[in-house]
Amino acid sequence: MGGKDRLAMISETLADGLARYGIGQKIRSLRKGKRLGLVQLGEHTGLSPGLLSKIERGQLFPTLPTLLRIALVFGVGLEHFFRAEEEQPMLAVVRKAERLRLPDQAGAKLPSYFFESLNFRATDRKLDAFLADFPAGGNASAPHAHAGAEFLYVITGGVELQIGGQAIGLEEGDAVYFDAAREHCYAAKANADGSAIALVVVHGASEA
């Protein structure tokens, strides 16, 4: 058998092996889930809509660098595309010692709050969960808005939510759910030491 025939055989073998993962269908599902068109995905990845269409239809298999560019847009790892459908559902444990404490604004002398991601190990997240620590004397965070919804539960202290020109005071044990497309910001309420800790859950922010 000639070299060309051997290459063709290897190519067919690889194609059969890759086809069972349904990479194209998974990319299409992610794109539809984020309500992105092929043109929009192309703008985010630098890939042409025509190429993306062929990949989604299984006519082409992406190289790993190409697949990585697509994965970064959707916040998933490469393993997302090579996970068999019959595998176990996502389960990601984040230990307290593994979390990173970051300020809401890099370089700020006194940030509005410090946050720690509680689910950063999940590669195909449907939501983002944070522990927010509001230091005493901090100013309100910068007003912001994004797609989806947001949920906040006050663990200790008090937090003031400013949304749509309205100020809502929340005490320990209080919770609030709201449309995050409305401009909003947070600040610690005055209490014994001026600090507060809250759980914040964000859904749909990556679609903004």
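Now for a description of the structure that goes with this document.

Rules used in this analysis
- Residues numbered from 1 in each chain as written.
- Predicted model: local features only at pLDDT ≥ 70, side-chain atom pairs only at ≥ 80, totals over all residues.
- Heavy atoms only, no water.
- Buried < 20%, exposed > 50% of the residue type's maximum accessible area, 1.4 Å probe, protein only.
- Helix = DSSP H or I, 4+ residues; strand = E, 2+ residues; numbered from the N terminus.
- Pairing = 2+ DSSP bridges.
- Phe/Tyr/Trp six-rings, centres within 6.5 Å; stacked < 30°, edge-to-face > 60°.
- Contact = heavy atoms within 4.5 Å.
- Axes fitted to C-alpha atoms, helices over the stretch in contact; angles between N-to-C directions.
- Parallel < 35°, antiparallel > 145°, perpendicular 65-115°, else oblique.
- Nonpolar A, V, L, I, M, F, W, Y, C, P; charged D, E, K, R; others polar.

### Quick word on the pairing of strand E7 (residues 175–179)
Burial along E7 is one-sided: Val-176 and Phe-178 are buried, and none of Ala-175, Tyr-177 and Asp-179, which face the opposite way, are. Here 5 bridges tie strand E4 (residues 149–156) to E7, and the two strands are oriented antiparallel to one another. Bridged to Phe-151 within E7 is Tyr-177.

### Focus on the packing of aromatic side chains
Within this structure, the stated rule accounts for 4 aromatic pairs. Centre to centre, the rings of Phe-115 and Phe-130 are 5.8 Å apart; their planes meet at 85°, and the pair counts as edge-to-face. Of this pair, Phe-115 sits in strand E2 (residues 114–117) while Phe-130 sits in strand E3 (residues 128–134), and the two are 15 residues apart along the sequence. Between Phe-134 and Tyr-186, the aromatic rings sit 6.3 Å apart at their centres with planes inclined by 75°, giving edge-to-face as the arrangement.

### Describing the environment of Ser-195
In this fold, Ser-195 is placed in the loop between strand E8 (184–188) and strand E9 (196–203). When the C-alpha positions of Ser-195 and Thr-156 are compared, they lie 8.2 Å apart, and in sequence the two are 39 residues distant. Every residue in contact with Ser-195, bar those within four places of it in the chain, is listed here: Phe-134, Pro-135, Ala-136, Gly-157 and Gly-158.

### Quick notes on the packing of helix H3 (residues 38–45) against helix H4 (residues 49–56)
A packed helix pair is summarised by two numbers, namely the angle formed by the two axes and the spacing between the axes. Packing of H3 against H4 brings their axes to within 8 Å, and their N-to-C directions diverge by 110°. For the element pair H3 / H4, the angle class is roughly perpendicular. Across from Leu-38, Val-39, Leu-41, Gly-42 and Thr-45 in H3, the residues of H4 making contact are Pro-49, Leu-52, Ser-53 and Glu-56. For the contact of H3 with H4, the residue count by class is 5 nonpolar, 3 polar and 1 charged.

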